[in-house]
Amino acid sequence: MSYIAGRPDLSTIKPFSLSPSIHEIALGAAHTSGSIRAKKNLSFMAEELMQRVKKGTLNPMINEVLPREELPSGLKKLKGHHVRGKIIVRMQPNL
């Protein structure tokens, strides 16, 4: 989940029923600075990001995909800083 304007209310979610991954996109400084240049730069970056999403060229930097049985070894790699990018763990068997 990503949000730009205000953190979503998660109080209605029953405990242990969902594991949301929340990523804040902080844009306030560009908007509140009063700088036209900062706003134009922000607009350029947003447009570039959306074009990459549309073209499928946005690189999420996935290092490897592991089955859930290998979760402990993946966590050890992360803890030891032996990974550049993300490790994805498949929690369900392949369908």
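Treat the numbers as computed from the prediction; the structure is a model and nothing was measured.

Explanation requested: the overall build of the protein chain in the structure shown.
Per the secondary structure count, the protein chain includes three helices and four strands. When the elements of the protein chain are put in sequence order from the N terminus, they spell out β-β-α-α-β-α-β. For the protein chain, long-range pairs separated by at least 24 residues make up 17% of all intrachain contacts whose partners lie at least 6 apart in sequence. Summed over all atoms, the accessible surface of the protein chain reaches about 8500 Å², with 58% contributed by carbon and sulfur.

What is the right way to read unusual backbone geometry from this model?
Apart from glycine, the bulk of residues carry a negative phi angle, and the bulk of peptide bonds sit in the trans form. Phi angles above zero are rare outside glycine, and M61 is one such case at about 55°. Among the secondary structure elements, M61 is positioned in the loop between α2 (36-55) and β3 (62-67). Using a relative accessible area of 41% as the deciding quantity, one classes M61 as partly exposed. For H81, which is not glycine, the phi dihedral falls at a positive 60°. With respect to the helices and strands, H81 occurs in the loop between α3 (71-79) and β4 (86-90). Among the residues examined, H81 registers a relative accessible area of 72% and is labelled exposed.

What counts as what
- Residues numbered from 1 in each chain as written.
- Predicted model: local features only at pLDDT ≥ 70, side-chain atom pairs only at ≥ 80, totals over all residues.
- Heavy atoms only, no water.
- Helix = DSSP H or I, 4+ residues; strand = E, 2+ residues; numbered from the N terminus.
- Contact = heavy atoms within 4.5 Å.
- Areas by Shrake-Rupley, 256 points an atom, 1.4 Å probe, with all protein chains shown as cover.
- Buried < 20%, exposed > 50% of the residue type's maximum accessible area, 1.4 Å probe, protein only.

Geometric values such as these leave the question of function open.
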